[in-house]
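Per-entry structural report
Read off the chains here:
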Amino acid sequence: MTLAESLLIACKNYGAQEIFGIPGDFALPFFKVVEETEILPLYTLSHEPAVGFAADAASRLHCKPSIAAVTYGAGALNMVNPIAAAYAEKSPVIVISGGPGANEKTAGLMLHHQAKTLDSQLEVFKEITCDQVVLDDPIHAPAAIARVLANCVSQSRPVYIEIPRDTVNAPCEPVPVVNPELQVDREALDACVEEILKSLKGAQSPVLLAGVEIRRFGLEQDVSDLATSLGIPVATTFMGTGLLANTNAPMCGTYLGAAGDQKVTTLVENSDALIMLGVILTDTNFGVSVSKINTRKSILACDNRVSMSYHTYNDIPLRALVTELKNKGSHDRITVKVERVFPGNLPTDGQKITPTDIAASVNDLFREYGDMPIASDMGDCLFTALDMKHSGLIAPGYYATMGYGIPAGIGTQVATGRRPLVLVGDGAFQMTGWELLNCPRYGWNPIVLLFNNSSWGMLSAFQGESKFNDLIELNYANIADSLGGKGYRVATRAELKQALNQAISKRGQFQLIDIVLERTALSQTLTQFTTSVNAAKRSQSQGK
Ligand code: S1T
Ligand code: MG
């Protein structure tokens, strides 16, 4: 067996099911092994940011690693932003980069694609991955690969593997599969669970707040069962929008503080036992809290730790905690119901379209044809998604990078085999929308809703006086046809409704609906969000 074969088999054994990539001369030998062994399917895209975003999306949907394979220098460094996003949002992406061979490193010449030193790339990736290895020693490679992949899984974070082109075909032993699960301290776990259940017993208004880790570790059904057995309503964080969509959990909506549904905000912020499972404490999740979350009355389980009141239990994996809570906790509590009313029944008239109309049209579509997995870019499209029926959604809700939507739609279709709905603004579409040209080659057929307000609308909402936020007015529908898809340009609610009904019935190619919006047309949630953020900034500057 060669080193490349051993690496590919190991990645598959640790859960990887596909490779997204773009080769280069430092990676050609590795890509040759990928193509000829067919150990994992390879999907090549057009620009490395999309490779990283697609692998991020696939890893979220698998709840397992996915692979982003690139060449050294120009390729890998082109993918720094998506891997930083994956690190921030805890997506287990395996970065495999080609690299220079031993003899090249000692030839005394600066290499093409080299930045400062030959190790500069490794140093950059040390900042955005949880473990790294350069496979320049086939003897020790199996143990190192096992360590790195186990960390990718147990921490649900990206890892970096550099494979020099002169070791790709070196003989290599198979990689041992070590159990990535953290060893649990049973006494600590029992004490922790007992303390949580005791606090729940005395609570009048417990609430469970679901964060992204419950998906990363494949615990959505377990958490749904837990909430049901404990009789506790569930809210998601902004990052966690779309979580538990395919379960019967007693969902009450997304918590967005002052910017969100105030019934949900009141429930979460007034809770006397707020259990935050897999929640990352970020500004987008809590930055616009009306009243700071009472940390003395809340429990935070994240990063294999459980913090409550003034103390922390370490080495408590989320899976072990949820399982033990399910086994030991059951109450006949009546679940507080917070009914969400989603917009729908869009009038088919000549009115101009607003973001809320788009949400209504999607809810009508799902009601008529069934749910679709949603991949959203950053922009008002993501805030509008909060008004769409609670369905599986992936988005960079915390790291907040643009360019995610279209590649994440591709990653969604590869990972699930289901046709995705992609939400993207015109600014973000200008970044990675081009990747749609790869759809015909692989038979991908996303339905893309392009929020075309001819502006960086989110930025205008924060700083309306700046003219640089105005973008050109472009007809993106025309571009779709030349990329191998079908484009529709719609400006009224009747046209939107008609285009969606046509798009859903055409399965053989991607469908791009270019939705013309007024520059100032914002979703209600984004309006509330920017108002709250600006108010928070004013009060901070006044030292309140
Ligand atoms: N570059 C990248 C890669 N990601 C970003 N998030 C930004 C820049 C900053 C930024 C936003 S929102 C936004 C930018 C440029 C405008 C988005 O425009 P568009 O896609 O058209 O969506 P919409 O018009 O709905 O806003 C965030 C605040 O950082
Ligand atoms: Mg825009």
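Along each chain, residue indices are assigned from 1 in the same order as the chain's sequence is written. Working convention: letters from A go to chains and numbers from 1 go to ligands, in the order in which they are written. A pLDDT threshold of at least 70 governs which residues receive local features in this predicted model, and a stricter bar of 80 or more applies before side-chain atom pairs are shown or counted, although totals over entire chains, interfaces and linings include all residues. Just so you know, side-chain values use all the structure's heavy atoms and leave hydrogens and water out.

All right, on to the coordination of the magnesium ion (ligand 2) then. Each metal site lists N, O and S donors within 2.8 Å (3.2 Å for Na, K and Ca). With water left out of the atoms, a site can look as if it is missing ligands. In this structure, Asp426 (OD), Asn453 (OD1) and Ser455 (O) serve as the protein donors to the magnesium ion (ligand 2), at separations of 2.1 Å. One chain supplies every donor to the magnesium ion (ligand 2), and in sequence these donors are spaced D-x26-N-x1-S. Here Asp426 is found in helix 17 (residues 426–432), whereas its partner Asn453 is found in the loop between strand 17 (447–452) and helix 19 (457–462), with 27 residues between them in sequence. For the residue pair Asp426 and Asn453, the accessibility class agrees, reading buried in each case. Secondary structure follows DSSP: runs of H or I at least 4 residues long count as helices, runs of E at least 2 residues long count as strands, and numbering of each begins at the N terminus. Per-residue accessibility, obtained with a 1.4 Å probe over protein chains only, is compared with the maximum for each type, and a residue is labelled buried under 20%, exposed over 50%, and partly exposed between these values.

Our next topic: helix 2 (residues 28–37). Buried within helix 2 we find Phe30, Phe31, Val33 and Val34. Viewed along the axis of helix 2, the buried residues span an arc of 155 degrees, placing them on a single side of the element. Exposed side of helix 2, more than 90 degrees from the buried face: Glu35 and Glu36 are the residues found there. Just downstream of helix 2 lies Glu38, where phi reads positive at about 55 degrees. Taking the helix axis as origin, the arc is that swept by the directions to the C-beta atoms.

A pair of strands is treated as paired once DSSP finds two or more bridges between them. Pairing is parallel across the open sheet formed by 6 strands, whose spatial order is 15-14-16-17-19-18. The open sheet is flanked by strand 15 (393–394) and strand 18 (486–490), the only strands paired with a single partner. Here 3 bridges tie strand 14 (residues 374–376) to strand 16 (residues 421–425), and the two strands are oriented parallel to one another. Pairing of Ala375 across the sheet is with Val422, part of strand 16. Contacts were defined at the residue level, with two residues in contact if any of their heavy atoms lie within 4.5 Å. Axis definition: a line fit to C-alpha positions, over the contact stretch in the case of helices; interaxial angles, taken between N-to-C directions, run 0 to 180 degrees. Along the sheet, helix 21 (residues 493–505) makes contact with strand 17, strand 18 and strand 19 (511–516), crossing strand 18 at roughly 165 degrees.

This part is about a nonpolar patch on the surface. Exposure above 30% relative accessible area and the absence of a salt bridge qualify a residue for a patch, where like charges join within 9 Å and nonpolar side chains (Val, Leu, Ile, Met, Phe, Trp, Tyr) within 5 Å. In these tables, accessible area is a Shrake-Rupley quantity obtained with a 1.4 Å probe, and a residue counts as shielded only by the protein chains included in the view. Throughout this description, the term salt bridge denotes a Lys or Arg side-chain nitrogen within 4 Å of a carboxyl oxygen of Asp or Glu. On the surface, Trp456, Leu459 and Phe468 cluster together into a nonpolar patch covering about 310 Å² of accessible area. When you line up the elements, Phe468 lands in the loop between helix 19 and helix 20 (476–482). For Phe468, a relative accessible area of 53% corresponds to the exposed category.

Now for the pattern of salt bridges. Counted by the stated rule, this structure contains 26 salt bridges. A salt bridge links Asp303 to Arg157; the shortest N-O distance between them is 3.7 Å. With a gap of 146 residues between them, Asp303 in the loop between strand 11 (298–302) and strand 12 (305–308) and Arg157 in the loop between helix 7 (141–155) and strand 6 (159–164) connect regions that are remote in the sequence. Given a relative accessible area of 30%, Asp303 falls into the partly exposed group. Across the pair Asp225 and Lys326 runs a salt bridge, and its minimum N-O distance is 3.8 Å. Residue Asp225 is found in helix 10 (residues 220–230), and its partner Lys326 is found in helix 13 (residues 318–328); the two are separated by 101 residues along the sequence. According to the relative accessible area criterion, Lys326 is partly exposed, its value standing at 30%. Sharing partners across several salt bridges, the network here consists of Lys90, Arg157, Glu213 and Asp303.

For the rest of this paragraph, the subject is the packing of helix 3 (residues 48–62) against helix 4 (residues 80–88). When two helices pack together, their arrangement is captured by the angle between the axes and the distance separating the axes. One can describe the packing of helix 3 onto helix 4 by two numbers: an axis separation of 7 Å at closest approach and a directional angle of 20 degrees. Relative to helix 4, the element helix 3 is oriented roughly parallel. Seen along the crossing, helix 3 lies across helix 4 with a hand that is right-handed. Contacts between helix 3 and helix 4 involve Pro49, Gly52, Phe53 and Asp56 on the former and, on the latter, Asn81, Pro82, Ala85 and Ala86. The residue inventory of the contact of helix 3 with helix 4, partitioned by class, reads 5 nonpolar, 2 polar and 1 charged. Each angle is binned into one of four classes, with values under 35 degrees roughly parallel, values over 145 roughly antiparallel, values of 65 to 115 roughly perpendicular, and all other values oblique. Left-handed describes a crossing whose near helix is turned anticlockwise from the far helix by less than a right angle; the clockwise case is right-handed. Each residue gets one label: Ala, Val, Leu, Ile, Met, Phe, Trp, Tyr, Cys and Pro are nonpolar, Asp, Glu, Lys and Arg are charged, and the others, such as Gly, are polar.

Let's shift gears to the nonpolar core. Nonpolar side chains in soluble globular proteins tend to be buried together. To qualify as a nonpolar core, a set must consist of buried Ala, Val, Leu, Ile, Met, Phe, Trp, Tyr and Cys residues joined through side-chain atoms within 4.5 Å. Counting residues in each nonpolar core, the largest one holds 42 residues, and the members touching the most others are Ile358, Leu421, Leu423, Leu449, Leu496, Ile513 and Ile515. For this core, the elements supplying multiple residues, two or more each, are helix 14 (355–369), helix 15 (380–385), strand 16, strand 17, strand 18, helix 21, strand 19 and helix 22 (524–541). Ignoring any residue separated from it by four or fewer positions in sequence, one finds Ile513 in contact with Val448, Leu449, Leu450, Tyr488, Val490, Leu496, Ala499, Leu500 and Ala503. Counting 40 residues, the second largest nonpolar core, distinct from the first, contains Leu45, Ile128, Ala428 and Tyr476.

In this section: the domain arrangement of the protein. Where interface size is given, it is often the accessible area lost as the parts come together that is meant. Split by domain assignment, the protein resolves into domain 1 (3–164), domain 2 (186–328) and domain 3 (355–527). Taken together, the contact between domain 1 and domain 3 spans 22 residues of the former and 25 residues of the latter. By buried area we mean how much accessible surface two parts lose on assembly, using a 1.4 Å probe and totalling the loss over both. Summed over both sides, the interface between domain 1 and domain 3 buries roughly 1900 Å², with carbon and sulfur atoms accounting for 66% of that surface. Ranking the residues of domain 1 by area buried against domain 3 places Phe53, Leu61 and Glu89 at the top, with a combined share of 27%. Our count for the contact surface shared by domain 1 and domain 3 stands at 0 salt bridges. In protein, a polar contact means a hydrogen-donor-capable atom and an acceptor-capable atom, both N or O and within 3.5 Å, with residues adjacent in sequence counting only if both atoms are side-chain atoms; elsewhere, any N or O pair within 3.5 Å suffices. Where domain 1 meets domain 3, there are 13 residue pairs in polar contact (both at pLDDT 80 or more). Of all the secondary-structure elements, those providing two or more residues to the side of domain 1 that touches domain 3 are strand 2 (42–44), helix 3 and helix 4. Broken down by element, the side of domain 1 that touches domain 3 gets its largest block of residues, 9 residues, from helix 3. Here the limits of each domain have been adopted from an automatic or database domain assignment.

A few words on the sheet that holds strand 7 (residues 206–210). As summarised here, the arrangement of the 7 strands in space is 9-8-7-10-11-12-13, forming an open sheet in which the pairing is mixed. A strand with exactly one partner marks an edge of an open sheet, and here the two such strands are strand 9 (251–254) and strand 13 (311–313). Recorded for the sheet is a direction-independent mean angle of 20 degrees between the axes of neighbouring strands. Packing of helix 10 onto the sheet brings it into contact with strand 7, strand 8 (234–236) and strand 10 (273–277), and relative to strand 7 it is tilted by some 170 degrees.

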